[in-house]
Amino acid sequence: MGLLLHEGIESVILSEEDIRNIVCRMGAQISDDYADKNPLFVAVLRGAFVFTADLLRAVTVPCSVDFMAVSSYGDGVKSSGVVRIVKDLDTKIEGRHVIIAEDILDSGLTLSYLIDLLSARRPASIAVAAFAVKDIPGKKPAIKPDYVGTHVPNEFIVGYGLDYAEEYRNLPFVGILKPEVYS
Ligand code: PRP
(Lines give C-alpha, C1' and ligand atoms only; values in the text may rest on other atoms or scores of the structure.)
Protein backbone atom coordinates (compact mmCIF):
# COMPACT_ATOMS: atom_id res chain seq x y z
CA MET A 1 0.00 0.00 0.00
CA GLY A 2 1.21 3.54 -0.75
CA LEU A 3 2.04 6.19 1.81
CA LEU A 4 -0.95 7.58 3.66
CA LEU A 5 -1.22 11.35 4.07
CA HIS A 6 -1.56 11.00 7.83
CA GLU A 7 1.91 9.49 8.02
CA GLY A 8 3.45 12.87 7.18
CA ILE A 9 1.77 14.55 10.13
CA GLU A 10 3.56 15.13 13.43
CA SER A 11 0.56 16.32 15.42
CA VAL A 12 -3.02 17.45 14.90
CA ILE A 13 -3.65 21.02 15.98
CA LEU A 14 -7.26 21.41 14.84
CA SER A 15 -9.50 18.35 14.73
CA GLU A 16 -12.50 18.03 12.44
CA GLU A 17 -14.70 18.92 15.39
CA ASP A 18 -12.61 22.00 16.23
CA ILE A 19 -12.93 23.12 12.62
CA ARG A 20 -16.70 22.57 12.59
CA ASN A 21 -17.09 24.68 15.73
CA ILE A 22 -14.91 27.49 14.40
CA VAL A 23 -16.63 27.68 11.02
CA CYS A 24 -20.09 27.44 12.60
CA ARG A 25 -19.30 30.42 14.84
CA MET A 26 -17.95 32.45 11.96
CA GLY A 27 -21.00 31.64 9.83
CA ALA A 28 -23.34 32.75 12.61
CA GLN A 29 -21.45 36.04 13.10
CA ILE A 30 -21.48 36.80 9.40
CA SER A 31 -25.17 35.90 9.12
CA ASP A 32 -25.95 38.38 11.93
CA ASP A 33 -23.88 41.13 10.36
CA TYR A 34 -25.02 40.64 6.75
CA ALA A 35 -28.77 40.05 7.01
CA ASP A 36 -30.30 41.85 3.96
CA LYS A 37 -26.87 42.63 2.49
CA ASN A 38 -26.57 39.68 0.13
CA PRO A 39 -22.77 39.48 0.52
CA LEU A 40 -20.48 38.18 -2.19
CA PHE A 41 -17.85 35.83 -0.84
CA VAL A 42 -14.55 35.92 -2.68
CA ALA A 43 -12.54 32.75 -2.19
CA VAL A 44 -8.83 33.10 -2.78
CA LEU A 45 -7.65 29.96 -4.54
CA ARG A 46 -6.36 27.62 -4.06
CA GLY A 47 -6.08 27.19 -0.31
CA ALA A 48 -9.38 28.82 0.66
CA PHE A 49 -11.67 26.54 -1.35
CA VAL A 50 -12.25 24.08 1.49
CA PHE A 51 -12.90 26.73 4.13
CA THR A 52 -15.13 28.74 1.80
CA ALA A 53 -17.26 25.71 0.97
CA ASP A 54 -17.86 25.07 4.67
CA LEU A 55 -18.31 28.74 5.57
CA LEU A 56 -20.98 29.25 2.92
CA ARG A 57 -22.96 26.34 4.31
CA ALA A 58 -22.72 27.86 7.80
CA VAL A 59 -24.14 31.17 6.55
CA THR A 60 -27.92 31.38 6.80
CA VAL A 61 -28.59 34.56 4.82
CA PRO A 62 -28.67 34.87 1.02
CA CYS A 63 -25.19 35.24 -0.45
CA SER A 64 -23.15 34.37 -3.49
CA VAL A 65 -19.60 33.30 -4.20
CA ASP A 66 -16.91 33.94 -6.76
CA PHE A 67 -13.27 32.89 -7.03
CA MET A 68 -9.93 34.53 -7.57
CA ALA A 69 -6.65 32.81 -8.11
CA VAL A 70 -3.48 34.64 -7.25
CA SER A 71 0.12 33.65 -7.08
CA SER A 72 3.16 35.32 -5.65
CA TYR A 73 5.69 36.56 -8.15
CA GLY A 74 8.60 34.17 -8.54
CA ASP A 75 9.52 31.06 -6.62
CA GLY A 76 10.19 31.28 -2.93
CA VAL A 77 9.32 34.98 -2.70
CA LYS A 78 6.03 34.19 -1.06
CA SER A 79 4.64 37.05 0.97
CA SER A 80 6.48 39.66 -1.06
CA GLY A 81 3.13 41.40 -1.24
CA VAL A 82 3.18 41.54 -5.02
CA VAL A 83 0.74 39.05 -6.37
CA ARG A 84 -0.22 38.11 -9.87
CA ILE A 85 -3.88 37.65 -10.71
CA VAL A 86 -4.13 34.23 -12.30
CA LYS A 87 -7.92 34.23 -12.39
CA ASP A 88 -9.99 37.33 -11.81
CA LEU A 89 -13.57 37.52 -10.55
CA ASP A 90 -16.39 36.99 -13.03
CA THR A 91 -18.72 39.12 -10.89
CA LYS A 92 -18.92 42.91 -10.91
CA ILE A 93 -18.44 44.00 -7.32
CA GLU A 94 -19.38 47.68 -7.57
CA GLY A 95 -21.95 48.37 -4.85
CA ARG A 96 -21.68 44.83 -3.41
CA HIS A 97 -20.77 43.83 0.11
CA VAL A 98 -17.66 41.73 -0.39
CA ILE A 99 -16.22 39.24 2.10
CA ILE A 100 -12.82 37.84 1.17
CA ALA A 101 -12.41 34.31 2.51
CA GLU A 102 -8.85 33.21 3.21
CA ASP A 103 -7.55 29.98 4.67
CA ILE A 104 -4.53 31.46 6.40
CA LEU A 105 -3.08 34.86 7.10
CA ASP A 106 0.66 34.91 7.51
CA SER A 107 2.32 38.25 6.69
CA GLY A 108 -1.06 39.54 5.49
CA LEU A 109 0.56 40.96 2.38
CA THR A 110 -1.50 38.90 -0.06
CA LEU A 111 -4.70 40.17 1.51
CA SER A 112 -3.47 43.71 1.78
CA TYR A 113 -2.80 43.68 -1.95
CA LEU A 114 -6.18 42.12 -2.73
CA ILE A 115 -8.05 44.62 -0.59
CA ASP A 116 -6.42 47.51 -2.46
CA LEU A 117 -7.19 45.89 -5.79
CA LEU A 118 -10.84 45.15 -5.00
CA SER A 119 -11.43 48.49 -3.24
CA ALA A 120 -10.64 50.26 -6.49
CA ARG A 121 -13.73 48.56 -7.98
CA ARG A 122 -15.92 50.47 -5.51
CA PRO A 123 -17.69 47.73 -3.54
CA ALA A 124 -20.20 48.90 -0.90
CA SER A 125 -17.96 47.32 1.74
CA ILE A 126 -15.10 44.91 1.97
CA ALA A 127 -14.32 42.56 4.85
CA VAL A 128 -11.99 39.66 5.46
CA ALA A 129 -12.81 36.30 7.00
CA ALA A 130 -9.64 34.36 7.77
CA PHE A 131 -9.95 30.80 8.99
CA ALA A 132 -6.54 30.94 10.69
CA VAL A 133 -4.04 33.61 11.59
CA LYS A 134 -0.45 32.56 12.12
CA ASP A 135 1.07 33.87 15.33
CA ILE A 136 4.58 35.01 14.56
CA PRO A 137 6.38 36.38 17.62
CA GLY A 138 7.34 40.01 17.15
CA LYS A 139 5.43 40.36 13.88
CA LYS A 140 2.00 41.73 13.19
CA PRO A 141 0.15 40.91 9.96
CA ALA A 142 -0.25 43.80 7.52
CA ILE A 143 -4.03 43.69 7.94
CA LYS A 144 -6.45 42.78 10.70
CA PRO A 145 -9.23 40.45 9.51
CA ASP A 146 -12.81 41.29 10.46
CA TYR A 147 -13.53 37.64 11.25
CA VAL A 148 -10.84 35.36 12.65
CA GLY A 149 -11.45 31.66 13.07
CA THR A 150 -8.45 30.78 15.17
CA HIS A 151 -4.77 31.41 15.74
CA VAL A 152 -2.16 28.85 14.80
CA PRO A 153 1.50 28.52 15.80
CA ASN A 154 4.32 29.51 13.49
CA GLU A 155 4.87 25.97 12.21
CA PHE A 156 4.57 24.26 8.85
CA ILE A 157 0.91 23.42 8.93
CA VAL A 158 -1.13 21.55 6.34
CA GLY A 159 -4.63 20.23 5.82
CA TYR A 160 -8.07 21.74 5.41
CA GLY A 161 -6.96 23.40 2.17
CA LEU A 162 -3.38 24.17 3.23
CA ASP A 163 -0.74 22.42 1.20
CA TYR A 164 2.84 21.36 1.08
CA ALA A 165 3.92 21.18 -2.59
CA GLU A 166 0.22 20.98 -3.56
CA GLU A 167 -0.41 17.93 -1.38
CA TYR A 168 -2.21 17.54 1.97
CA ARG A 169 -5.04 19.96 1.05
CA ASN A 170 -7.48 17.06 1.40
CA LEU A 171 -6.71 16.29 5.04
CA PRO A 172 -9.93 16.98 6.95
CA PHE A 173 -7.98 18.34 9.94
CA VAL A 174 -5.06 20.78 10.39
CA GLY A 175 -1.75 19.32 11.44
CA ILE A 176 1.92 20.10 11.72
CA LEU A 177 4.02 18.51 8.99
CA LYS A 178 6.90 16.25 10.03
CA PRO A 179 10.16 18.06 9.25
CA GLU A 180 11.50 15.04 7.37
CA VAL A 181 8.76 15.57 4.77
CA TYR A 182 10.11 18.95 3.68
CA SER A 183 13.78 18.82 4.62
C1 PRP B 1 -1.31 31.17 1.17
C2 PRP B 1 -2.67 31.56 1.73
C3 PRP B 1 -2.71 33.04 1.51
C4 PRP B 1 -1.26 33.45 1.62
C5 PRP B 1 -1.03 34.02 2.97
O6 PRP B 1 -1.45 30.98 -0.20
O7 PRP B 1 -3.73 30.90 1.08
O8 PRP B 1 -3.23 33.38 0.26
O9 PRP B 1 -0.46 32.28 1.45
O10 PRP B 1 0.26 34.50 3.09
P11 PRP B 1 0.57 36.02 3.48
O12 PRP B 1 -0.41 36.44 4.54
O13 PRP B 1 1.98 35.95 4.02
O14 PRP B 1 0.48 36.85 2.24
P15 PRP B 1 -0.32 30.31 -1.10
O16 PRP B 1 0.52 31.36 -1.73
O17 PRP B 1 0.41 29.25 -0.30
O18 PRP B 1 -1.19 29.64 -2.27
P19 PRP B 1 -2.36 28.53 -2.15
O20 PRP B 1 -3.57 29.22 -1.60
O21 PRP B 1 -2.55 28.11 -3.57
O22 PRP B 1 -1.87 27.42 -1.26
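Provided above is the structure to which this section pertains.
The following paragraphs examine the structure supplied in this document. The residue count restarts for each chain, going from 1 along the sequence in the order it is written. Under the rules for a predicted model, residues below a pLDDT of 70 receive no local features and side-chain atom pairs below 80 are neither given nor counted, while totals for whole chains, interfaces and linings still include all residues. No hydrogens and no water enter the side-chain calculation; it runs on all heavy atoms of the structure.

1. Examining the sheet that holds strand β5 (residues 97-105)
Strands are treated as partners if at least two bridges between them are detected by DSSP. The way it works is that DSSP assigns letters per residue, a run of H or I at least four long becomes a helix, a run of E at least two long becomes a strand, and they are numbered from the N terminus. Read from one edge to the other, the open sheet built from 6 strands follows the order β4-β3-β2-β5-β6-β7, with strand pairing classed as mixed. Looking along the sheet, the strands with just one partner apiece sit at the ends: β4 (83-87) and β7 (147-153). This sheet shows a mean twist of 25° between the axes of neighbouring strands, independent of strand direction. As defined by bridge partners, strand β6 (residues 125-135) adjoins β7 across 6 bridges and the pair is classed as parallel. Considered in β7, the bridge of Lys-134 is made with Val-152. On the sheet, helix α3 (residues 109-119) packs against β2 (40-45), β3 (64-72), β4, β5 and β6 and is oriented at approximately 165° with respect to β5. Whenever a helix is involved, its axis is fitted only over the stretch in contact; in every case the axis is a line through C-alpha atoms, and angles between N-to-C directions fall within 0 to 180 degrees. The contact definition used throughout considers only heavy atoms, calling two residues in contact when any of these lie within 4.5 Å.

2. A look at the packing of aromatic side chains
Describing an aromatic ring pair means giving the distance of the ring centres and the angle of the ring planes. Only rings of Phe, Tyr and Trp enter the pairing, Trp through its six-membered ring, and a pair is recorded when the two centres are within 6.5 Å. The plane angle decides the type: under 30 degrees is stacked, over 60 is edge-to-face, the rest tilted. One pass over the full model with this rule turns up 5 aromatic pairs. Measuring from ring centre to ring centre gives 5.4 Å for Phe-156 and Tyr-164, while their planes differ by 85°; the resulting arrangement is edge-to-face. Buried residues are those whose accessible area, probed at 1.4 Å on protein chains only, stays under 20% of the maximum for their type, while exposed residues exceed 50% and partly exposed ones sit between those limits. Looking at Tyr-164, the relative accessible area reads 24%, which means it is partly exposed. Linked through ring pairs, Phe-51, Phe-131 and Tyr-160 together constitute an aromatic cluster. In this scheme, Lys NZ or Arg CZ marks a charge over a ring once it lies within 6 Å of the ring centre and within 35 degrees of the ring normal. In this structure, Lys-37 is placed above the aromatic ring of Tyr-34, and the distance from its NZ or CZ to the ring centre is 5.5 Å.

Treat this as a map of the structure, not an account of what it does.
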